[in-house]
Amino acid sequence: MAIRFDKLGVVIAAIAGYAAFFAPFATFRANRIVPGEGRFILDALPAVGGPLLLALIIAAIFVALLKTPLAWRLVASVAVLIALALAIGVAGSFLTPPNNTFARISPASGFWLLIFAFTLLLADVLTRLELSPFVRIGILLVAAVAVGALLASGSWDSLSILKEYANRAGSFWAEARKHVALALGSLVAAVVVGLPIGILCHRVEVLRAGVLNVLNIIQTIPSIALFGMLIGPLGWLALHVPGAAALGIRGIGTAPAFVALFLYSLLPVVANTVVGLAGVPKAANEAARGMGMTDRQRLFGVEFPLAFPVILTGIRIVLVQNIGLATIAALIGGGGFGVFVFQGVGQTAMDLVLLGAVPTVSLAFAAAIVLDAVIELTATSRRREAVA
Amino acid sequence: MIEIENITKRYDKQTVVNDVSMVIEPRTIAAIVGTSGSGKTTLLRMINRLVEPTSGTIKLDGVDNHSLPDYELRRSIGYAIQGHGLFPHRTVAQNIATVPLLLGWDKERIDERVDELLRLFQLDPAAFGPRYPHELSGGQQQRVGVARALAAKPNVLLMDEPFGALDPIIRTKAQEDLLAIQKHFGTTIILVTHDMEEAVHLGHKIAVMDGGRLVQYAKPAEILAKPASSFVETLVGSSERPFRLLSLGRVGDAVEKGSAEGEAIPADASQRDALAELLWSGKPALPVRGADGKALGRITVDGLVKLAARPA
Ligand SMILES: Nc1ncnc2c1ncn2[C@@H]1O[C@H](COP(=O)(O)OP(=O)(O)OP(=O)(O)O)[C@@H](O)[C@H]1O
Ligand SMILES: [Mg+2]
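These numbers come from a predicted model, not from an experiment.

Novice: Teacher, can you tell me more about the interface of chain A and chain B here?
Specialist: Many analyses report the size of an interface as the accessible area lost when the parts associate. The interface is formed by 21 residues belonging to chain A together with 24 residues belonging to chain B. Of the roughly 1900 Å² buried at the junction of chain A and chain B (both faces included), carbon and sulfur atoms supply 63%. Counting the contacts that link chain A with chain B gives 1 salt bridge. For glutamate 286 of chain A, the salt bridge is made with arginine 45 of chain B, and the minimal N-O distance between the two is 2.5 Å. For the pair chain A and chain B, the interface holds 6 residue pairs in polar contact (both at pLDDT 80 or more). Only helix H12 (282-290), helix H13 (295-325) and helix H15 (350-387) of chain A provide two or more residues apiece to the side of chain A that touches chain B. Counting residues per element, the side of chain A that touches chain B draws most heavily on H12 of chain A, at 7 residues. When the residues that make up the side of chain A that touches chain B are grouped by side-chain class, the tally is 11 nonpolar, 5 polar and 5 charged.

This is how it looks when you write it as structure tokens:
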């Protein structure tokens, strides 16, 4: 029987093979800002641990490389990901010299590449399984709970990123709240303002090109420049409009960050509303008018439901984009996870950068999965209702 | 009764409907025929004010159609749009329930009406009611479109090529259904069609449009016998004329005394079908029987050929 290779599996095997044997698994540093030394899997783990992990990875590489049943691939990817999560914690405590509080152990490129390779394998399996939206959200929850349990168990406490967290536990959650509030708040504002603008652009053709062009131009202004442009007007507002300052409106801080995110969000919301409404079948609209629906009944009864999946796609883009962009808010004192990123860059402390970046990426990833599931649910609800 | 008086519609310089006047008697079907772009749809849509006329008036039962808000007017007029126009996000039952819902009927009455209409169009309510339009065939979609137009029992029904997408067999069936429904409810129907055959078959009167003008408005027999212009003559199709004329008459009206050998023809069949049967059988005459199966006499090729000649 000829051996048959899986196309994606070849890529995954190449990455994982390189990461396992030629890239450092963990980095050891004497303190938080000196350059580190790489440690390979066999050096980073206690006696049996290293060979065991390597054996598991090699087995999983073969499962990925060959055309194997989906169930095998699922087990292989999940097993490696769990083993990696546990092993990095073990490496942390193993590599830290006894009674040394300055030494820092952090995951190195080999670890990240292995995570990437087997997440790719897992994602491929999950896509091929064509899971229902509810199952996908369920898997996300299970993963979140598993990570939460690992964090709570303290098995990662010896890793550098958690040492940074331990020093900043209080401000971490405050910035997390600010980050989410910025990203979600500006999204809600953009939807509240953008939907009516989109509807107006759809109904009044002369407005359409103009409005979309202006929003397009805003979208291309670099965020730093936009902040700079907002300092003037917002500062003026704070000074001259009574009560504005009391509402938190200032030239720097949360207000300009919020306004900037809001402005960036408008284009996807307005554009998708226009595209969604334009995609409503002409005959359905004509029939709605012909049967005596008022404009409002037609908007809410026919146009909106039909345009909804497209509008939701716009909202998904905005949410993921905002979660990422909100890190920039820290530049002008707006808070959020960006605070750690920029402090870390300033201190050349990579661990601190990660403390800001990892939660941001995880949040964006989770938001994308949840909204994709919601979009699929609204698009297929027709068929499901029909069966019910 | 629908009275269209000197109605004109212009877009910029182009006159799409040009000074059209016609009266559609209550409880009759008027078929509008004409080439593509001759203004049929525009004329139809001025009745329910989807298009506002440039000049002229339209009265429904003596009342100007501008005396009501447009949406109220439209709820009282059934409209089967060119190419069904069903709402893709609503089930068949919800689609049919649209106008009754707008009129505020209670749920029980709506459900009853939806079931009644689905059965009328040979669609099983339990099987088709909960389906979505994309789960129906093109012909089924069109029938649902017509059912939806009839839902609130309108006195007036506007139909824009409602049977365009149907195959000949389903089409004939749908035409029979429409005739039965029209007789049953006494609906006044204006039907736009490309198909002269359909116009002759369904229309009590036929309106021929050409370049926005109404060139002839008369009973089918008259349109066939005395086309007002060479355009109407072409539209009628000179090679089809005698057969269309025959299709208007029933066998019962052409029975002769005597008897004949062969398969009997029912008295309510059309004279055209009878001629086809005679020619195909190769016989000069065939017996005719009534609905009760009683022999009525015979029908002959010679007799039908005389009837197919241009009336004096
Ligand atoms: N909104 C409009 N603006 C400008 N011209 C229009 C408009 N609607 C229709 N017309 C023009 O009016 C003419 C008549 O159109 P209409 O739709 O009434 O034709 P029709 O007889 O129904 O044709 P068909 O058999 O193809 O459906 C066409 O030339 C069309 O281009
Ligand atoms: Mg038309």
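Novice: Would you take a moment to explain the packing of helix H12 (residues 241-248) of chain B against helix H13 (residues 271-281) of chain B for this structure?
Specialist: The geometry of a pair of packed helices is captured by two quantities: the angle between their axes and the separation between those axes. All names here are of chain B. Axis separation between H12 and H13 bottoms out at 6 Å; the angle between their running directions is 120 degrees. Contacts between H12 and H13 involve Phe243, Arg244, Leu246 and Ser247 from the former and Gln271, Arg272 and Leu275 from the latter. The residue makeup of the contact of H12 with H13, split by class, is 3 nonpolar, 2 polar and 2 charged.

Novice: Looking at this structure, how should I read the sheet that holds strand S9 (residues 205-210) of chain B?
Specialist: Think of a sheet as strands paired side by side through backbone hydrogen bonds, with each pair either parallel or antiparallel. All names here are of chain B. Here we have 6 strands laid out as an open sheet, ordered S6-S7-S8-S3-S9-S10, and mixed in their pairing. Every interior strand has two partners, whereas the edge strands, strand S6 (77-80) and strand S10 (213-218), have only one. With direction set aside, neighbouring strand axes in the sheet form an average angle of 15 degrees. Bridge analysis of strand S7 (residues 156-160) against strand S8 (residues 188-192) gives 5 bridges, and the strand direction is parallel. Its bridge partner lying in S8, leucine 157 is registered against isoleucine 189. In the packing of helix H8 (residues 168-185) onto the sheet, the strands contacted are strand S3 (29-34), S7 and S8, and the crossing angle to S8 comes to about 155 degrees.

Novice: I keep staring at the pattern of salt bridges and nothing clicks. Help me out?
Specialist: Pairs can form between side chains of opposite charge once their charged atoms are near each other. Residues and elements named next belong to chain A. Tallied over the full model, the rule gives 25 salt bridges over all chains. Salt-bridge contacts for aspartate 372 lead to arginine 316; the nearest nitrogen and oxygen are separated by 2.6 Å. Of this pair, aspartate 372 sits in helix H15 while arginine 316 sits in helix H13, and the two are 56 residues apart along the sequence. The network of salt bridges with common partners includes Asp6, Arg73, Asp124 and Arg128.

Novice: Before we go on, may I ask you to explain the coordination of the magnesium ion (ligand 2) in this structure?
Specialist: Under perfect tetrahedral coordination by four donors, a metal shows angles of 109.5 degrees; under perfect octahedral coordination by six donors, it shows angles of 90 or 180 degrees. Residue and element names in this part refer to chain B. Only Thr41 (OG1) and Gln82 (OE1) from the protein coordinate the magnesium ion (ligand 2), and they sit 1.8 to 2.7 Å from it. One end of the pair, threonine 41, is in helix H1 (residues 40-47); the other, glutamine 82, is in the loop between S6 and helix H3 (92-96), and 41 residues separate them in sequence. Given a relative accessible area of 24%, threonine 41 falls into the partly exposed group.

Novice: Is there a simple way to explain the domain arrangement of chain A in this structure?
Specialist: Residues and elements named next belong to chain A. Partitioning chain A into structural domains gives domain 1 (7-160) and domain 2 (169-387). Relative to domain 2, the C-alpha centre of domain 1 lies at a distance of 34 Å. Contact with domain 1, which involves 12 residues of that partner, is made by 13 residues of domain 2. Where domain 1 abuts domain 2, roughly 1100 Å² becomes buried across the two surfaces, and 64% of that area is made up of carbon and sulfur atoms.

Novice: Is there a simple way to think about the environment of threonine 91 of chain B in this case?
Specialist: Residues and elements named next belong to chain B. The topology assignment puts threonine 91 in the loop between S6 and H3. Judged by relative accessible area, which is 10%, threonine 91 ranks as buried. Taking the C-alpha atoms as reference points, threonine 91 and arginine 213, 122 residues apart in sequence, are found 40 Å from one another.

Novice: Looking at this structure, how should I read a negative patch on the surface?
Specialist: Residues and elements named next belong to chain B. Taken together, the side chains of Asp106, Glu108, Glu112 and Asp115 present a region of like negative charge at the surface. With respect to the element layout, aspartate 106 can be found in the loop between helix H4 (98-102) and helix H5 (107-120). Residue aspartate 106 is classed as partly exposed on the basis of its relative accessible area of 48%.

Novice: Can you walk me through the packing of aromatic side chains in this structure?
Specialist: By convention here, two paired aromatic rings are described through the distance between centres and the angle between planes. Tallied over the full model, the rule gives 8 aromatic pairs over all chains. Ring geometry for tyrosine 18 of chain A versus phenylalanine 22 of chain A: centroids 6.3 Å apart, planes at 25 degrees, classification stacked. Of this pair, tyrosine 18 of chain A and phenylalanine 22 of chain A both sit in helix H1 (residues 7-22), separated by 4 residues, roughly a single helical turn. With a relative accessible area of 44%, tyrosine 18 of chain A lands in the partly exposed category. Judged by its relative accessible area of 60%, phenylalanine 22 of chain A is exposed. With a centroid separation of 5.1 Å and 90 degrees between ring planes, the pair formed by phenylalanine 172 of chain A and tryptophan 173 of chain A is classed as edge-to-face. On the basis of relative accessible area, phenylalanine 172 of chain A is assigned to the buried category, the value being 9%. Since its relative accessible area comes to 47%, tryptophan 173 of chain A is described here as partly exposed. Of the aromatic side chains, those joined through ring pairs into one cluster are Tyr165, Phe172, Trp173, Phe337 and Phe340 of chain A. Sitting over the ring of phenylalanine 128 of chain B, arginine 131 of chain B keeps its end group 4.5 Å from the ring centre.

Novice: What is the right way to look at helix H10 (residues 223-240) of chain A in this model?
Specialist: Residues and elements named next belong to chain A. For H10, spanning 18 residues, the distance from its first C-alpha to its last is 26 Å, which sits close to the expected 26 Å at 1.5 Å a residue. Of all the bends in H10, the greatest reaches close to 30 degrees and is centred on isoleucine 231; the proline proline 233 follows between one and four positions later. Along H10, the positions that sit buried rather than exposed are Ser223, Leu226, Phe227, Leu230, Leu234 and Ala238. Where H10 is buried, its residues contact helix H11 (254-278).

Novice: Please explain the site of ligand 1 as it appears in this structure.
Specialist: Residue and element names in this part refer to chain B. Surrounding ligand 1, one finds 14 residues, the nearest of these being Ser36, Gly37, Lys40, Thr41 and Thr42. Within the backbone of glycine 39, one N or O atom sits 3.1 Å away from an oxygen atom of ligand 1. Residue histidine 194 places a side-chain N or O atom 3.0 Å away from an oxygen atom belonging to ligand 1. Within the complex, 63% of the 640 Å² of free accessible area of ligand 1 lies under protein. For the shell around ligand 1, the secondary-structure elements that each account for two or more residues are strand S2 (14-24) and H1. With 3 residues, the single largest contributor to the shell around ligand 1 is H1.

So, how was this worked out
Residues numbered from 1 in each chain as written. Chains lettered and ligands numbered in written order. Predicted model: local features only at pLDDT ≥ 70, side-chain atom pairs only at ≥ 80, totals over all residues. Heavy atoms only, no water. Contact = heavy atoms within 4.5 Å. Buried area = accessible area lost by both parts, 1.4 Å probe. Salt bridge = Lys/Arg side-chain N within 4 Å of Asp/Glu carboxyl O. Polar contact = N/O pair within 3.5 Å; in protein donor to acceptor, adjacent residues only side chain to side chain. Helix = DSSP H or I, 4+ residues; strand = E, 2+ residues; numbered from the N terminus. Nonpolar A, V, L, I, M, F, W, Y, C, P; charged D, E, K, R; others polar. Axes fitted to C-alpha atoms, helices over the stretch in contact; angles between N-to-C directions. Pairing = 2+ DSSP bridges. Donors = N, O, S within 2.8 Å, 3.2 Å for Na, K, Ca; no water. Buried < 20%, exposed > 50% of the residue type's maximum accessible area, 1.4 Å probe, protein only. Domains from an automatic or database assignment. Patch = residues over 30% accessible without salt bridge, like charges linked within 9 Å, V, L, I, M, F, W, Y side chains within 5 Å. Areas by Shrake-Rupley, 256 points an atom, 1.4 Å probe, with all protein chains shown as cover. Lys, Arg positive; Asp, Glu negative; His and termini not counted. Charge placed at Lys NZ, Arg CZ, Asp CG, Glu CD. Phe/Tyr/Trp six-rings, centres within 6.5 Å; stacked < 30°, edge-to-face > 60°. Lys NZ or Arg CZ within 6 Å of the ring centre and 35° of its normal. Expected span 1.5 Å × (residues − 1). Bend = angle between axes of the 7 residues up to and from the residue. Near = heavy atom within 4 Å.

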